[in-house]
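# Observations on chain architecture
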Amino acid sequence: KLDGRGTFRFFEPAMDARMQARRRLELDMRQALARREFQLHYQPQLNLADERLVGCEALIRWRHPERGLVSPLDFIPLAEEIGLIVPIGEWVIRQACRDAASWPRPLSVAVNVSPAQFKSDRLVETIVSALSHAGLPASRLEIEITEGVLLQDNEKTLHTLHRLRALGVRVSMDDFGTGYSSLSYLRAFPFDKIKIDRSFVSDMEDKADGEAIIRAIAGLGRSLGMTTVAEGVETAEQLRRIRAEGCTDVQGYLISKPLPPDDLLRLLAAGSPFPRTPPVSDPS
Ligand code: C2E
Ligand code: MG
Ligand code: MG
Ligand code: MG
């Protein structure tokens, strides 16, 4: 009606359906914490020098009573938009610290922290309290941020990052290379770890450029004293090349899919059944 008489809007029913679906998801998500529908799965990260696990990334899962398992890609953006990421993210941090404290080995645990969590002012206090309740040393907690975090309110974000660093928490740059100015962020803050985006790893086998980019990022990490993790490693061939290009760590389905906490405990108890690769100098 705002558009005046005689104007038709054929797409309105479809838009309405989408709005309703979104509204439904929002309502469900508001209940999900209280109903304990969220879970954390853990994906191991392997150090290539000694072929030992160094840590795990916590990845949220939503077990929806009707929809089944909902991917974080389908609800984290909405949670962020409506501010619900703050309580959800707080739960993630507390749960990840509790779980990590129960592991039989002192692996680090990495938690993804989104832009809205940084804006909330509560992040540092939440982390301090989660570490102390769980009895987890700060040095075992890592936070992963993407370029989106640094795009907003830069001064304040950097201040928060430095406060976390002062506590002993490590900071990783996630999805490196996918944004517009990844390089300038490396200059803005001394990250501990660069996580090379999965897209570069999957490009490697069919595009020569993919491998060159991985080599360059690994070199950058070495020069800056940062760990470089290749994400999304799925094949032995990818692993072989990543090792040859000098990345320090890998994460991906080849090593392990993200695991429910009990499966991770079993894996940690069983030792290290990981794919061995021939040394780089091996002529085969
Ligand atoms: P991310 O932080 O880059 O996490 C890596 C994603 O790659 C995970 O997807 C993981 O399951 C997937 N992955 C790992 N290895 C492989 C592989 O070899 N092949 C393929 N195809 N995929 C692989 P997931 O769990 O669906 O999470 C997607 C994104 O959702 C995450 O990307 C992160 O940005 C966000 N996310 C997940 N959990 C949380 C959370 O607790 N808080 C926040 N704020 N965001 C989260
Ligand atoms: Mg991540
Ligand atoms: Mg990533
Ligand atoms: Mg991502």
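Throughout this document, residue positions are counted from 1 along each chain, in the order its sequence is written. To label them, take the chains in the order written and letter them from A, then take the ligands in the order written and number them from 1. Reporting of local features is limited, given that this is a predicted model, to residues whose pLDDT is at least 70; pairs of side-chain atoms are given and counted only at 80 or more, and all residues count toward the totals for whole chains, interfaces and linings. Neither water nor hydrogens contribute to the side-chain values; these are computed over all heavy atoms in the structure.

The name given to the protein chain in an unreviewed UniProt entry is Diguanylate cyclase, with Methylobacterium terrae as the source organism.

## Description of the overall build of the protein chain
Quick reminder of the rule: Elements are defined by DSSP. Helices are runs of H or I of four residues or more, strands are runs of E of two residues or more, and each kind is numbered from the N terminus. What the globule rule says is 2.2 Å times the number of residues to the power 0.38, and the radius of gyration is computed from C-alpha atoms. To sort residues, take the accessible area from a 1.4 Å probe on protein chains only and compare it with the maximum for the residue type: under 20% means buried, over 50% means exposed, and anything in between is partly exposed. The contact criterion used is simple: two residues touch if any of their non-hydrogen atoms lie within 4.5 Å.
Tallying secondary structure elements over the protein chain gives twelve helices and nine strands in all. Taking 19 Å as the expected radius of gyration for a compact globule of 284 residues, we find that the protein chain reaches 21 Å, a close match to that expectation. By principal-axis analysis of the C-alpha atoms, the protein chain measures approximately 75 × 45 × 40 Å. Among the 284 residues that make up the protein chain, the fraction classed as buried is 47%. Looking at the protein chain alone, contacts between residues at least 24 apart form 68% of all its contacts between residues at least 6 apart.

## Observations regarding the site of ligand 1
Filter applied, for reference: Residue proximity to a molecule or strand is established when one non-hydrogen atom of the residue lies within 4 Å of it. Pairs of N or O atoms within 3.5 Å make up the polar contacts considered here, provided that, within protein, one atom can donate a hydrogen while the other can accept it, and that residues adjacent in sequence are counted only when both atoms are side-chain atoms. Computed with a 1.4 Å probe, the accessible areas rest on the Shrake-Rupley method; for each residue, only the protein chains presented here act as cover. Classification used: nonpolar for Ala, Val, Leu, Ile, Met, Phe, Trp, Tyr, Cys and Pro, charged for Asp, Glu, Lys and Arg, polar for all others including Gly.
What surrounds ligand 1 is a group of 22 residues, the closest being Arg 61, Asn 112, Asp 174, Glu 234 and Tyr 253. The contact in question runs from an oxygen atom of ligand 1 to an N or O atom on the side chain of Arg 61, over 2.8 Å. One nitrogen or oxygen atom from the side chain of Glu 234 is found 2.5 Å from a nitrogen atom belonging to ligand 1. Protein chains shield 86% of the accessible area of ligand 1, which is 800 Å² for the free molecule. If you list the elements that add at least two residues to the shell around ligand 1, you get strand S2 (52-64), helix H2 (72-81) and strand S6 (170-176). The greatest single-element share of the shell around ligand 1, amounting to four residues, is contributed by S2. Here the residues of the shell around ligand 1 sort into nine nonpolar, five polar and eight charged.

## Considering the packing of helix H5 (residues 123-134) against helix H7 (residues 154-167)
Heads up, the condition is: Between N-to-C directions, angles cover 0 to 180 degrees, with each direction set by a line fitted to C-alpha atoms, over the stretch in contact for helices. Between 65 and 115 degrees an angle is taken as roughly perpendicular, under 35 as roughly parallel, over 145 as roughly antiparallel, and anywhere else as oblique. Crossing chirality is assigned from the near helix's rotation relative to the far helix, an anticlockwise turn below a right angle marking it left-handed and a clockwise turn marking it right-handed.
Their axes nearest at 10 Å, the elements H5 and H7 cross at an angle of 15°. On the basis of their axis angle, the class for H5 and H7 is roughly parallel. You can see that H5 and H7 cross each other, and the crossing is right-handed. Every residue of H7 that contacts H5 at Leu 123, Val 124, Glu 125, Ile 127 and Val 128 is listed here: Thr 160, Arg 163, Leu 164 and Leu 167. Looking at the contact of H5 with H7 residue by residue, the class counts come to six nonpolar, one polar and two charged.

## Description of the coordination of the magnesium ion (ligand 2)
Each donor-metal-donor angle would ideally measure 109.5 degrees in four-coordinate tetrahedral geometry, or 90 or 180 degrees in six-coordinate octahedral geometry. What counts is decided by this rule: Listed donor atoms are N, O and S within 2.8 Å of the metal (Na, K and Ca: 3.2 Å). As water is not included, a site may look incomplete.
For the magnesium ion (ligand 2), the full set of protein donor atoms is Glu 57 (OE), Asn 112 (OD1), Glu 144 (OE) and Asp 174 (OD), at a range of 2.0 to 2.2 Å. Motif for the magnesium ion (ligand 2), donor spacing along one chain: E-x54-N-x31-E-x29-D. Here the magnesium ion (ligand 2) and the magnesium ion (ligand 3) are spaced 4.1 Å apart, with Asp 174 acting as a shared donor. Here Glu 57 is found in strand S2, whereas its partner Asn 112 is found in strand S4 (residues 108-112), with 55 residues between them in sequence. In this structure Glu 57 comes out as buried when scored by relative accessible area, which is 4%.

## Structural notes on the confidence of the model for the protein chain
Going by this rule: Along the chain, pLDDT gives the predictor's confidence residue by residue, from 0 to 100.
Taken as a whole, the protein chain shows an average pLDDT of 90; of its residues, 91% reach a score of 70 or greater. Among the scores for the predicted complex, ipTM is 0.98 and pTM is 0.92.

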